[in-house]
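# Close look at the chain arrangement
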Amino acid sequence: MHASVDDEEEEGDESGELLPREFQKKIQDLNGCEVKFVTKKKLFSTDLNPKHARLSIPPTKIANRFLSQTEESSLEEGIRENGKLVGLSVTVLDPSLKEYKMSLKKWKMEKSNVYNLTKGWNQIVRHNDLQLHQTLQLWSFRVSSQLCFALVKI
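Rules behind the numbers
Residues numbered from 1 in each chain as written. Predicted model: local features only at pLDDT ≥ 70, side-chain atom pairs only at ≥ 80, totals over all residues. Heavy atoms only, no water. Core = buried A, V, L, I, M, F, W, Y, C linked by side-chain atoms within 4.5 Å. Buried < 20%, exposed > 50% of the residue type's maximum accessible area, 1.4 Å probe, protein only. Helix = DSSP H or I, 4+ residues; strand = E, 2+ residues; numbered from the N terminus. Pairing = 2+ DSSP bridges. pLDDT = per-residue confidence, 0-100. Contact = heavy atoms within 4.5 Å. Phe/Tyr/Trp six-rings, centres within 6.5 Å; stacked < 30°, edge-to-face > 60°.

### Comments concerning the nonpolar core
- Residues V90, L104, L117, W121 and F149 are the most contacted members of the largest nonpolar core, which totals 25 residues.
- By size, the runner-up hydrophobic cluster in this structure holds 11 residues, among which are L19, I27, C148 and A150.

What follows is the structure in structure tokens.
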């Protein structure tokens, strides 16, 4: 086992969640570190609707802090280009371990804020045949300090 992933038998965390071995290996191959369980997410119709083209991540369901101060500030500022929210550029490993370049955005809603993974989400839905009420785990990790995510079907 690489020193970049905690020297444990299984990559786990305080929430009791375990990252499957094939994801541990892929993250290791990418020289990833700081693996953290972020949330468990049941897919709703809006998550699967191609018009919405995003996976929403309610902050109230987040188990561990995964953003750096700089990333948090950047999302808080809500930088826009051509009237559209830019967000943070992130790499996402889908359930089949395929890499996607995506964007993490923070949308300010009436009562709270919601994180959303956009750009490429519809491809992940199609490529992995994601279904209504299916549950995914979202994990974060870093490669050369760049924020990345892993989506695990459970």
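### Section: the pairing of strand β8 (residues 135-143)
- Counting buried residues in β8 gives 8 out of 9 residues, a clear majority hidden from the surface.
- By the bridge criterion, 8 bridges tie β8 to strand β9 (residues 146-153) in an arrangement that is antiparallel. Residue pairing across strands places W139 opposite A150, the latter belonging to β9.
- Joining the antiparallel neighbours β8 and β9 is a turn of 2 residues, in which S144 adopts a positive phi near 50°.

### Quick look at the confidence of the model for the protein chain
- Looking at the protein chain, the pLDDT average stands at 90 and 90% of residues meet or exceed 70.
- Predicted confidence is poor over residues 1-10, with pLDDT under 50, and the contacts of this stretch with residues over four places away or in other chains come to 22 contacts.

### Some details on the packing of aromatic side chains
- Under the criterion given, the structure shown has 3 aromatic pairs.
- Aromatic pair F37 and W139: ring centres 5.3 Å apart, planes at 70°, arrangement edge-to-face. In this pair, F37 sits in strand β1 (residues 33-42) while W139 sits in strand β8, placing the two residues 102 residues apart along the sequence.
- Judged by relative accessible area, which is 5%, F37 ranks as buried.
- Between F66 and Y115, the aromatic rings sit 6.0 Å apart at their centres with planes inclined by 65°, giving edge-to-face as the arrangement. With F66 in the loop between β2 (54-57) and α3 (69-77) and Y115 in strand β7 (residues 113-118), the pair connects residues that are 49 residues apart, well separated along the chain. One exposure class covers both F66 and Y115, and it is buried.
- An aromatic cluster of three or more residues is present, and its members are F66, Y115 and F149.

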